[in-house]
Amino acid sequence: MSSTDSPASDSSSTTAPGKAPSSCPKRIVYQVETTGSYWTDLQEAVKRISVRDDLARINEIPCARNSLLSGIASGVGIGVIRGMSASVFVASNWAVGSFMLISLGTWTICRRNMEEERRRMQTVMEAIPKRHLNTEQSTSSEPKAA
């Protein structure tokens, strides 16, 4: 039995903060711990920003694809429409502004919908054991015919 097959290396193994398990080649997931100092926490957050890694894994960010596609389409559309009646500079400002507004709006709406769905699933998952207990109690409390 190798060290990766041992039961201790499943989900119960612990790793040092900032270290990813060796079996998971994905990005390092940092623990959300704060020092209590705003500036120290901000400095640590800025150190963790990696544009190259973030852009390489943008497909893993929930709602990013749909919101970026909506923003790009609306930015191009509004930029072209404004370009017909205004200068290139004004049209590009409108295109970038509409891209940002539509992308942030659709991303926010998508994330809110995902959070609502997660909450509904959590309440359903909490209600399932109670439902089984209620049906078992009702069947066991009925008098048995002799």
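Our subject in this report is the structure included herewith. The model shown is predicted, which means the values in this text are computed figures rather than measured ones. (Residues numbered from 1 in each chain as written. Predicted model: local features only at pLDDT ≥ 70, side-chain atom pairs only at ≥ 80, totals over all residues. Heavy atoms only, no water.)

### Quick notes on the overall build of the chain
Thinking step 1. Looking only at helices and strands, the chain has 4 helices and 0 strands in total.
Thinking step 2. Reading the chain from its N terminus to its C terminus gives the helix and strand order α-α-α-α.
Thinking step 3. Among the 146 residues that make up the chain, the fraction classed as buried is 8%.
Thinking step 4. For the chain, restricting intrachain contacts to residue pairs at least 6 apart in sequence, the fraction spanning at least 24 positions comes to 49%.
Thinking step 5. For the chain, the exposed area adds up to about 12,300 Å²; of that, 62% sits on carbon and sulfur atoms. (Helix = DSSP H or I, 4+ residues; strand = E, 2+ residues; numbered from the N terminus. Buried < 20%, exposed > 50% of the residue type's maximum accessible area, 1.4 Å probe, protein only. Contact = heavy atoms within 4.5 Å. Areas by Shrake-Rupley, 256 points an atom, 1.4 Å probe, with all protein chains shown as cover.)

### Overview of a nonpolar patch on the surface
Thinking step 1. A cluster of nonpolar residues, Tyr38, Trp39, Leu42, Val46, Ile49, Val51, Leu55, Ile58, Ile61 and Trp107, forms a patch on the protein surface that exposes about 1,000 Å² of accessible area.
Thinking step 2. Of all elements in the fold, only helix H1 (38–47) and helix H2 (51–56) reach the threshold of two or more residues within the nonpolar patch.
Thinking step 3. Here the element with the most residues in the nonpolar patch is H1; it accounts for 4 residues.
Thinking step 4. Locating Leu42 in the fold gives a position in helix H1.
Thinking step 5. The partly exposed category is assigned to Leu42, whose relative accessible area is 36%. (Patch = residues over 30% accessible without salt bridge, like charges linked within 9 Å, V, L, I, M, F, W, Y side chains within 5 Å. Salt bridge = Lys/Arg side-chain N within 4 Å of Asp/Glu carboxyl O.)

### Section: helix H3 (residues 64–85)
Thinking step 1. The first and last C-alpha atoms of H3 sit 32 Å apart over 22 residues, in line with the 32 Å expected at 1.5 Å per residue.
Thinking step 2. Every buried residue of H3 is accounted for by Ala64, Ser67, Gly71, Ser74, Gly75 and Gly79. Buried residues of H3, seen end-on, are gathered within an arc of 135° and therefore sit on one face of the element. In this structure, H3 carries Arg65, Ala73, Val76, Ile81 and Met84 as exposed residues pointing more than 90 degrees from its buried face. (Expected span 1.5 Å × (residues − 1). Arc of directions from axis to C-beta.)

### Let's talk about the state of the cysteines
Thinking step 1. According to the stated counting rule, one finds 1 disulfide in the structure shown.
Thinking step 2. Between the sulfur atoms of Cys63 and its disulfide partner Cys110 the distance amounts to 2.0 Å. Classification of the bridge connecting Cys63 and Cys110 rests on its S-S torsion, roughly -70°, and on that basis the disulfide is left-handed. Here Cys110 lies in helix H4 (residues 88–141) and Cys63 lies in the loop between H2 and H3, a separation of 47 residues in the sequence.
Thinking step 3. Here Cys63 falls in the buried class, since its relative accessible area comes to 11%.
Thinking step 4. Under the relative-accessibility criterion, Cys110 is labelled partly exposed at 23%. (Disulfide = S-S within 2.5 Å.)

### Here we look at the packing of aromatic side chains
Thinking step 1. Applying the stated criterion across every chain, the model contains 1 aromatic pair.
Thinking step 2. Consider the rings of Tyr38 and Trp39, whose centres lie 5.0 Å apart with planes at 80°: the pair is edge-to-face. Of the two residues examined, Tyr38 and Trp39, each falls in the exposed class. (Phe/Tyr/Trp six-rings, centres within 6.5 Å; stacked < 30°, edge-to-face > 60°.)

### Side note on the pattern of salt bridges
Thinking step 1. A complete count under the given rule lists 5 salt bridges for this structure.
Thinking step 2. Notably, a salt bridge pairs Glu117 with Arg120, separated by 2.7 Å at the nearest N-O pair. Placement of the pair is Glu117 and Arg120 together in helix H4, with a separation of 3 residues, close to one helical turn.
Thinking step 3. Classification of Arg120 by relative accessible area gives partly exposed; the value is 46%.
Thinking step 4. In the salt-bridge network here, residues are joined through shared partners; they are Glu115, Arg118 and Arg119.

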